[in-house]
2 protein chains.
Amino acid sequence: MAAPQKTTLKEFESVFPKLEEVLLEHAKSYNLPEKELAWYKQSLEINAVGGKCNRGMSVPDSVSLLLGRPLTEDEYFKSATLGWMTELLQAFFLVSDDIMDSSITRRGKPCWYRQEGVGMVAINDAFMLEAAIYTLLKKYFRDHPRYVDLLELFHEVTFQTEMGQLCDLLTAPEDVVNLDNFSMEKYRFIVIYKTAYYSFYLPVALSLLLLDIATPANLKQAESILIPLGEYFQIQDDYLDNFGLPEHIGKIGTDIMDNKCSWLVNQALATVTPDQRKILEENYGRKDKAKEAVIKKLYDDLKLEQRYQDYEEKFVTEIRERIGQIDEAEGLKKSVFEAFLAKIYKRSK
Amino acid sequence: MAAPQKTTLKEFESVFPKLEEVLLEHAKSYNLPEKELAWYKQSLEINAVGGKCNRGMSVPDSVSLLLGRPLTEDEYFKSATLGWMTELLQAFFLVSDDIMDSSITRRGKPCWYRQEGVGMVAINDAFMLEAAIYTLLKKYFRDHPRYVDLLELFHEVTFQTEMGQLCDLLTAPEDVVNLDNFSMEKYRFIVIYKTAYYSFYLPVALSLLLLDIATPANLKQAESILIPLGEYFQIQDDYLDNFGLPEHIGKIGTDIMDNKCSWLVNQALATVTPDQRKILEENYGRKDKAKEAVIKKLYDDLKLEQRYQDYEEKFVTEIRERIGQIDEAEGLKKSVFEAFLAKIYKRSK
Ligand SMILES: [Mg+2]
Ligand SMILES: [Mg+2]
Ligand SMILES: [Mg+2]
Ligand SMILES: [Mg+2]
Ligand SMILES: [Mg+2]
Ligand SMILES: [Mg+2]
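In short, a report on the structure. (Residues numbered from 1 in each chain as written. Chains lettered and ligands numbered in written order. Predicted model: local features only at pLDDT ≥ 70, side-chain atom pairs only at ≥ 80, totals over all residues. Heavy atoms only, no water.)

**Focus on the overall build of chain A**
Okay, step 1: When you go through chain A residue by residue, the secondary structure sums to 15 helices and two strands.
Okay, step 2: Computed over its C-alpha atoms, the radius of gyration of chain A comes to 21 Å, within 12% of the 20 Å expected for a compact globule of 349 residues.
Okay, step 3: Structurally, chain A occupies a C-alpha span of about 65 × 55 × 35 Å along its principal axes.
Okay, step 4: Contacts in chain A between residues at least 24 apart in sequence constitute 76% of all its contacts with a sequence separation of at least 6. (Helix = DSSP H or I, 4+ residues; strand = E, 2+ residues; numbered from the N terminus. Rg over C-alpha atoms; globule rule 2.2 N^0.38 Å. Contact = heavy atoms within 4.5 Å.)

**Notes on empty space enclosed by the protein**
The gaps of empty space that remain are located by a probe, the size of a water molecule, rolled over the atoms.
Okay, step 1: Overall, the coordinates contain six cavities of 30 Å³ or more when judged by the stated rule.
Okay, step 2: By volume, the largest cavity amounts to about 120 Å³.
Okay, step 3: Along its surface, the largest cavity is lined by A:Glu130, A:Ala131, A:Tyr134, A:His155, A:Thr158, A:Glu162, B:Phe127, B:Glu130, B:Ala131, B:Tyr134, B:His155 and B:Thr158.
Okay, step 4: Secondary structure elements with two or more residues in the lining of the largest cavity: helix 6 (121–141) and helix 7 (147–171) of chain A together with helix 6 (121–141) and helix 7 (147–171) of chain B.
Okay, step 5: If one sorts the elements of the lining of the largest cavity by residue count, helix 6 of chain B sits on top with four residues. (1 Å grid on protein atoms, 1.4 Å probe; cavity = no way out; pocket = protein on both sides within 12 Å on 5 of 7 lines; lining within 4 Å. Points joined across faces, edges and corners; volume = space filled by probe spheres on them.)

**Brief notes about the relation of the copies chain A and chain B**
Okay, step 1: Once turned by 180° and shifted 0.0 Å along the axis, chain A lies on chain B with an RMSD of 0.0 Å. Such a turn and shift between the copies fits a two-fold axis. Scanning chain A for the C-alpha nearest the rotation axis identifies A:Val148, at a separation of 3.4 Å.
Okay, step 2: With an isologous cut-off of 70% or more, the 100% of interface residues of chain A that recur at the interface of chain B puts this contact in the isologous class. (Least-squares fit on C-alpha atoms with pLDDT ≥ 70 in both.)

**Here's the deal with the coordination of the magnesium ion (ligand 1)**
The reference angle at a metal is 109.5 degrees if four donors form a tetrahedron and 90 or 180 degrees if six donors form an octahedron.
Residue and element names in this part refer to chain A.
Okay, step 1: The coordination sphere of the magnesium ion (ligand 1), as far as protein atoms go, consists of Asp97 (OD) and Asp101 (OD), spread over 1.9 to 2.0 Å.
Okay, step 2: Distance-wise, the magnesium ion (ligand 2) is placed 3.2 Å from the magnesium ion (ligand 1), both being coordinated by Asp97.
Okay, step 3: With a relative accessible area of 13%, Asp97 lands in the buried category. (Donors = N, O, S within 2.8 Å, 3.2 Å for Na, K, Ca; no water. Buried < 20%, exposed > 50% of the residue type's maximum accessible area, 1.4 Å probe, protein only.)

**Re the pattern of salt bridges**
All names here are of chain B.
Okay, step 1: The tally for this structure, following the rule as stated, stands at 40 salt bridges over all chains.
Okay, step 2: Lys287 is paired through a salt bridge with Asp258; the nearest N and O atoms lie 3.0 Å apart. Separated by 29 residues along the polypeptide, Lys287 in the loop between helix 12 (274–283) and helix 13 (289–301) and Asp258 in the loop between helix 10 (246–249) and helix 11 (263–271) bring together distant segments of the chain.
Okay, step 3: Asp258 sits in the buried class, given a relative accessible area of 17%.
Okay, step 4: Between Glu281 and Arg277 there is a salt bridge; the shortest N-O distance is 2.8 Å. (Salt bridge = Lys/Arg side-chain N within 4 Å of Asp/Glu carboxyl O.)

**Observations regarding a negative patch on the surface**
Okay, step 1: On the surface, A:Asp327, A:Glu328, A:Glu330 and A:Glu338 cluster together into a patch of negative charge.
Okay, step 2: Relative to the elements of secondary structure, A:Glu328 occurs in the loop between helix 14 (304–324) and helix 15 (334–344). (Patch = residues over 30% accessible without salt bridge, like charges linked within 9 Å, V, L, I, M, F, W, Y side chains within 5 Å. Areas by Shrake-Rupley, 256 points an atom, 1.4 Å probe, with all protein chains shown as cover. Lys, Arg positive; Asp, Glu negative; His and termini not counted. Charge placed at Lys NZ, Arg CZ, Asp CG, Glu CD.)

**Some words on the packing of aromatic side chains**
Okay, step 1: Tallied over the entire structure, the rule returns 51 aromatic pairs over all chains.
Okay, step 2: Ring geometry for A:Tyr40 against B:Phe159: centres 6.1 Å apart, planes inclined by 50°, an arrangement best described as tilted. You can see A:Tyr40 sitting in helix 3 (residues 34–48) and its partner B:Phe159 sitting in helix 7, one on each of two chains.
Okay, step 3: Residue classification places B:Phe159 among the buried positions, given a relative accessible area of 2%. (Phe/Tyr/Trp six-rings, centres within 6.5 Å; stacked < 30°, edge-to-face > 60°.)

**Some details on helix 9 (residues 216–243) of chain A**
Okay, step 1: When the terminal C-alpha atoms of helix 9 of chain A are compared, their 40 Å separation across 28 residues agrees well with the 40 Å that a helix rising 1.5 Å per residue should span.
Okay, step 2: Burial runs high along helix 9 of chain A: 21 of the 28 residues are buried. (Expected span 1.5 Å × (residues − 1).)

**With respect to helix 15 of chain A**
The α-helix advances 3.6 residues per turn, and as a result positions three or four apart in sequence lie on the same side.
Residue and element names in this part refer to chain A.
Okay, step 1: Listing the buried residues of helix 15 in full gives Val336, Phe337, Phe340, Leu341 and Ile344. Relative to the axis of helix 15, the buried residues are bounded by an arc of 130° and lie together on one face.
Okay, step 2: Of the surrounding elements, those touching the buried residues of helix 15 are helix 4 (54–67), helix 8 (184–210), helix 9 and helix 14.
Okay, step 3: Once helix 15 ends, the next one or two residues include Lys346, with phi positive near 55°. (Arc of directions from axis to C-beta.)

**What about the packing of helix 2 (residues 16–28) of chain B against helix 6 of chain B?**
All names here are of chain B.
Okay, step 1: One way to put it is that helix 2 packs onto helix 6 with a least axis distance of 10 Å and a crossing angle of 100°. In terms of their interaxial angle, helix 2 and helix 6 are classed as roughly perpendicular. Residues Lys18, Leu19, Val22, Leu23 and His26 of helix 2 form the contact with helix 6, whose participating residues are Ala132, Thr135, Leu136, Lys139 and Tyr140.
Okay, step 2: Its residues assigned to classes, the contact of helix 2 with helix 6 comprises six nonpolar, two polar and two charged. (Axes fitted to C-alpha atoms, helices over the stretch in contact; angles between N-to-C directions. Parallel < 35°, antiparallel > 145°, perpendicular 65-115°, else oblique. Nonpolar A, V, L, I, M, F, W, Y, C, P; charged D, E, K, R; others polar.)

**Comments concerning a positive patch on the surface**
Okay, step 1: A contiguous patch of positive charge on the surface is contributed by A:Lys52, A:Arg107, A:Lys109, A:Lys251, A:Lys260 and A:Lys349.
Okay, step 2: For A:Lys260, the position within the fold is in the loop between helix 10 (246–249) and helix 11 (263–271).

**A short note on the interface of chain A and chain B**
Okay, step 1: Across the contact, 47 residues belong to chain A and 47 residues belong to chain B.
Okay, step 2: Approximately 4400 Å² of surface area, both sides summed, lies buried where chain A meets chain B, with 72% of it carried by carbon and sulfur atoms.
Okay, step 3: For the pair chain A and chain B, the interface holds four salt bridges.
Okay, step 4: Note that B:Glu152 and A:Lys138 form a salt bridge whose closest N and O atoms lie 3.8 Å from each other.
Okay, step 5: On inspection of chain A and its partner chain B, the count reaches 13 residue pairs in polar contact (both at pLDDT 80 or more).
Okay, step 6: Mapped by element, the contributors of at least two residues to the side of chain A that touches chain B are helix 2 (16–28), helix 3, helix 5 (73–100), helix 6, helix 7 and helix 8 of chain A.
Okay, step 7: Here the element with the most residues in the side of chain A that touches chain B is helix 7 of chain A; it accounts for 17 residues. (Buried area = accessible area lost by both parts, 1.4 Å probe. Polar contact = N/O pair within 3.5 Å; in protein donor to acceptor, adjacent residues only side chain to side chain.)

**What to know about unusual backbone geometry**
Residues and elements named next belong to chain A.
Okay, step 1: Phi is positive for Ser102, close to 50°, though the residue is something other than glycine.
Okay, step 2: You can see Ser102 is positioned in the loop between helix 5 and strand 1 (105–106).
Okay, step 3: The backbone of Asp212 shows a phi angle near 55°, a positive value even though the residue is not glycine.
Okay, step 4: Mapped onto the secondary structure, Asp212 falls in the loop between helix 8 and helix 9.
Okay, step 5: Of the residues examined, Asp212 reaches a relative accessible area of 37% and is grouped as partly exposed.

**Some remarks on the environment of A:Pro145**
Okay, step 1: Checked against the element boundaries, A:Pro145 lands in the loop between helix 6 and helix 7.
Okay, step 2: Through-space distance from the C-alpha of A:Pro145 to that of A:Leu210 is 8.9 Å; in sequence the pair is 65 residues apart.

**Observations regarding the side chain of B:Gln160**
Okay, step 1: Within the secondary structure, B:Gln160 is located in helix 7.
Okay, step 2: Taking relative accessible area as the criterion, B:Gln160 reaches 3% and is therefore assigned buried.
Okay, step 3: Non-local contacts of B:Gln160, meaning those with residues more than four positions away in its chain, are made with A:Tyr30, B:Tyr193 and B:Tyr197.

**Focus: the nonpolar core**
Okay, step 1: Judged by nonpolar contacts, the single largest core of 259 residues is most densely connected at A:Leu137 and B:Leu137.
Okay, step 2: Among all residues touching A:Leu137, those that are not within four sequence positions of it are A:Leu82, A:Met85, A:Arg142, A:Tyr147, A:Leu150, A:Leu151 and A:Phe154. (Core = buried A, V, L, I, M, F, W, Y, C linked by side-chain atoms within 4.5 Å.)

**Describing the environment of B:Glu73**
Okay, step 1: Along the chain, the position of B:Glu73 falls in helix 5 (residues 73–100).
Okay, step 2: Judged by relative accessible area, which is 74%, B:Glu73 ranks as exposed.

As structure tokens, this is what we get:
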């Protein structure tokens with residue numbers, strides 16, 4: 001049997017034009033006028049395309065690993081289509097999150113809602129990105145034996161992400177600093193719901209459904225590995241925001257000034273002396289470079305870099321063990337999780 | 001057989017607490033923290049409850065008419081639950097529409113996004129109102145033979161409404177007055193997609209699906225009556241905005257100052273002389289009472305009140321004829337449409 005094959009961004013992106021055509025034809029079938037059709041096209045191209053597509057590409061990659069061989073053209077198209085749905089779901093979340101966070105840029109360009117003439121229409125554009133998922137599911141998967149499960153999976157993961165987003169918004173509003181809101185428990189809820197389900201669990205659950213091997217046991221095993229992996233991924237993200245090299249991560253971290261409920265501030269809160277707590281209270285979450293520097297110094301005093309290294313080693317040892325114990329009897333493969341871990345272990349960006 | 005029974009707002013609202021409990025229990029099952037749970041509860045109660053519930057109540061009413069008898073307790077609960085889903089869909093649209101329109105009040109209270117401490121979190125709250133539809137569908141209709149059709153119907157009508165909203169937003173931005181954007185064709189697209197599908201077609205399609213008599217012929221007949229009825233309803237709304245009595249409609253119309261793509265302005269545009277067109281260009285869509293008065297005078301000069309009366313008589317005659325021709329062989333009933341028409345014919349509010 002030929003070895004599984006990893007997809008490339010180029011290959012994955014080459015599927016999009018066909019999906020875009022289907023989506024635009026669908027809108028046209030309702031006689032959506034020219035101007036609105038062009039707007040929808042623009043929104044799809046700017047918001048769904050242009051990211052790293054790690055989530056999307058992990059669907060064909062996982063399917064190939066599950067089958068233990070390269071995919072046929074049809075298999076690749078189907079799995080990449082499911083991958084693009086995860087990208088559409090992400091686009092729906094990012095377009096709206098940028099409004100809710102008053103963000104300025106996304107992927108090096110102004111956020112969609114800040115682009116010329118867009119404004120709050122972006123809210124409806126976000127809705128239409130979400131709706132595109134169900135248009136594609138109906139078009140390509142209506143006769144799939146797991147169609148209902150695919151629909152319900154998207155509904156569930158969407159709601160999970162919305163709960164995570166709600167908790168994030170209420171825990172760390174950018175303008176009100178209240179460290180009493182933070183805790184590792186809150187942190188875990190936010191990370192797991194806002195990020196881990198849609199970024200890690202969703203692509204693998206989709207792959208299992210596509211191959212009709214999404215047994216309860218397989219889904220449960222996948223969840224038990226992928227949710228912790230998603231948590232680890234976000235902890236890395238928070239770590240790199242402060243300790244990463246800007247030339248690696250491609251931006252200058254702003255979590256401290258943005259009052260983010262980050263792993264680092266939660267680790268700090270768990271170990272500070274009363275005096276250090278006061279320093280945190282007075283300097284965290286302020287749009288002030290000097291106050292940010294005070295926090296960065298505190299993180300160094302608290303040896304958070306070392307604490308992260310210790311966490312990472314411990315976590316990776318444990319998760320490797322868990323992956324080793326995966327039961328492959330119902331068609332799940334350890335290699336799916338090893339691939340996810342390999343992609344993120346000790347990443348610097 | 002006992003005559004069908006019309007539901008009351010009180011009866012319909014009495015179903016909501018059970019649905020709310022289900023939605024909150026569902027969120028709790030994911031360990032959504034206390035504060036976020038209370039927030040979700042608040043959003044559900046303020047945004048989904050408190051309207052006239054015409055859309056929602058028309059589901060049990062239609063089901064009772066289709067069955068030709070009062071509903072059993074279980075039938076009432078199931079049909080009112082579907083009715084509440086149309087109210088949740090509307091809540092999702094209204095919460096977000098108010099942000100997109102920078103509206104001030106809704107149902108006599110500040111719009112949700114303008115309430116203390118809410119702001120842009122309202123975008124995510126809108127998402128969660130939409131998600132509630134699918135939570136309830138799964139809870140109560142997973143074993144219904146038409147479950148997939150119910151899901152697809154909500155997806156389709158949601159997307160239709162979003163297309164209507166997009167067209168509305170691009171055609172009549174509040175700040176840029178350009179009457180060249182307007183036309184009766186645009187008007188019809190906006191009205192049909194933004195309002196008619198979810199307000200008129202959806203409740204009846206849900207009723208047909210519930211009773212498993214949603215044959216292609218029945219759906220098509222329903223659509224062919226209900227979409228024109230929805231258009232008529234919106235034309236009335238536009239008419240009343242200018243010619244209705246504030247003490248009847250419960251508000252002072254602002255369509256002229258808000259640059260709305262209203263039936264009246266489109267009728268005006270279709271018949272103005274070049275001089276009158278100039279008056280329109282110079283006075284429509286301005287936040288200025290004197291300019292509004294100029295437009296109101298022009299509407300009188302153009303005899304738009306009479307034009308509306310003529311339209312209404314002609315429309316109602318035609319639609320009655322069409323209702324009379326409904327084929328009831330597959331279980332559809334003329335009385336369903338007669339009830340819709342009776343509720344809106346010559347309404348003054
Ligand atoms: Mg953000
Ligand atoms: Mg955010
Ligand atoms: Mg980050
Ligand atoms: Mg509005
Ligand atoms: Mg609007
Ligand atoms: Mg109106």
